[in-house]
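What follows is the residue order along each chain.
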Amino acid sequence: MTRTIHIALDINGQRRELDLEPRVTLLDALREHLSLTGTKKGCDQGQCGACTCHVDGKRVLSCLTLAAQVEGREITTIEGLAGDAGDLHPVQAAFIEHDAFQCGYCTPGQIMSAVACIREGHAGSDAEIREYMSGNLCRCGAYNNIVAAVRQAAEVA
Ligand code: FES
Ligand code: FES
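Residues numbered from 1 in each chain as written. Chains lettered and ligands numbered in written order. Predicted model: local features only at pLDDT ≥ 70, side-chain atom pairs only at ≥ 80, totals over all residues. Heavy atoms only, no water.

- Under the annotation held in an unreviewed UniProt entry, the protein chain carries the name (2Fe-2S)-binding protein and is attributed to Rhizobium tropici.

**Considering the packing of helix α2 (residues 90-97) against helix α3 (residues 107-119)**
At step 1: Running from N to C, α2 and α3 point in directions that differ by 125°, and their axes come no closer than 9 Å. The angle between the axes of α2 and α3 places the two elements in the oblique class. As α2 packs across α3, the resulting crossing turns out to be right-handed. Facing α2, whose interface residues are Val91, Gln92 and Phe95, α3 presents Thr107, Gln110, Ile111, Ala114, Val115 and Ile118.
At step 2: Grouping the amino acids of the contact of α2 with α3 by side-chain chemistry returns six nonpolar, three polar and no charged. (Axes fitted to C-alpha atoms, helices over the stretch in contact; angles between N-to-C directions. Helix = DSSP H or I, 4+ residues; strand = E, 2+ residues; numbered from the N terminus. Parallel < 35°, antiparallel > 145°, perpendicular 65-115°, else oblique. Left-handed = near helix turned anticlockwise from the far one by under 90°. Contact = heavy atoms within 4.5 Å. Nonpolar A, V, L, I, M, F, W, Y, C, P; charged D, E, K, R; others polar.)

**Some details on the pattern of salt bridges**
Between side chains of opposite charge, pairing is possible as soon as their charged atoms come close.
At step 1: What the rule picks out here adds up to seven salt bridges.
At step 2: A salt bridge links arginine 73 to aspartate 56; its shortest N-O distance comes to 2.6 Å. Of this pair, arginine 73 sits in the loop between β4 (58-61) and β5 (74-76) while aspartate 56 sits in the loop between β3 (52-55) and β4; the two residues are 17 residues apart in sequence, bridging distant segments of the chain.
At step 3: Measuring nitrogen to oxygen at the nearest pair gives 2.6 Å for the salt bridge that ties aspartate 126 to arginine 151. Taken together, the positions of aspartate 126 in helix α4 (residues 126-132) and arginine 151 in helix α5 (residues 143-156) put the pair 25 residues apart, joining distant regions of the chain. (Salt bridge = Lys/Arg side-chain N within 4 Å of Asp/Glu carboxyl O.)

**A closer look at the nonpolar core**
At step 1: Counting 23 residues, the largest nonpolar core has Val91, Phe95, Ile111, Ile146 and Val150 as the members making the most contacts within it.
At step 2: Contributions of two or more residues to this core are made by α2, α3 and α5.
At step 3: In this structure, Ile7, Leu9, Leu34 and Cys53 belong to the second largest nonpolar core, which totals 17 residues. (Core = buried A, V, L, I, M, F, W, Y, C linked by side-chain atoms within 4.5 Å. Buried < 20%, exposed > 50% of the residue type's maximum accessible area, 1.4 Å probe, protein only.)

**Remarks on the side chain of serine 113**
At step 1: In this fold, serine 113 is placed in helix α3.
At step 2: Within polar-contact distance, the side chain of serine 113 engages the side chain of arginine 59 at 2.7 Å.
At step 3: Setting aside residues no more than four positions away along its own chain, serine 113 makes contact with Thr52, Arg59, Met133 and Asn136. (Polar contact = N/O pair within 3.5 Å; in protein donor to acceptor, adjacent residues only side chain to side chain.)

**What about the domain arrangement of the protein chain?**
At step 1: Each assigned domain of the protein chain is listed with its residue range as follows: domain 1 (3-78) and domain 2 (88-153).
At step 2: For domain 1 and domain 2, the distance between their C-alpha centroids amounts to 21 Å.
At step 3: With 16 residues of domain 1 in contact, the opposing surface of domain 2 contributes 17 residues.
At step 4: At the boundary of domain 1 with domain 2, total buried surface from both sides reaches about 1,300 Å², with 54% on carbon and sulfur atoms.
At step 5: Interface area lost by domain 1 to domain 2 is led by His54, Arg59 and Ile78, which between them contribute 47%.
At step 6: The salt bridge involving arginine 59 is made with glutamate 120; its shortest N-O contact spans 2.8 Å.
At step 7: Between the two partners, domain 1 and domain 2, sit nine residue pairs in polar contact (both at pLDDT 80 or more).
At step 8: Ranked by residues supplied to the side of domain 1 that touches domain 2, first place goes to β3 with three residues.
At step 9: Residues that form the side of domain 1 that touches domain 2 fall into these classes: four nonpolar, nine polar and three charged. (Domains from an automatic or database assignment. Buried area = accessible area lost by both parts, 1.4 Å probe.)

Okay, structure coming up:
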């Protein structure tokens with residue numbers, strides 16, 4: 001029988017209790033165990049950024065984070081970004097306005113990364129945005145529009 005551990009995770013302001021094998025990543029805990037499927041798996045080895053979410057307000061790759069590592073930390077996923085009334089976060093609104101996505105698969109990671117990028121103070125110029133958003137791959141090639149969206153959101157943030 002496989003050993004499981006009991007963990008409590010604070011996700012988008014809600015406490016969620018789980019019994020998991022210790023090897024389960026935060027990404028798979030979100031997707032497979034909590035039905036929070038907004039966080040995407042593009043590679044599972046830290047190379048694409050589709051799994052980006054926040055731990056204590058900082059961007060992390062959830063595919064390289066074990067769920068057990070983040071017990072007691074504050075986790076935010078794309079589902080927790082909008083306000084309680086459903087009002088979009090400025091970065092979400094800017095992505096729509098600027099057509100900063102096509103298939104949408106990289107988009108949750110792009111948006112979570114962009115929110116952190118702005119918070120880190122790394123959205124001062126187009127070149128800086130490109131550099132500090134370069135950990136998020138987009139096969140649809142929406143990069144120009146992503147930069148425009150991040151720039152606009154940084155101005156209102
Ligand atoms: S799925 Fe985590 S970086 Fe690609
Ligand atoms: S919108 Fe398709 S991969 Fe980025």
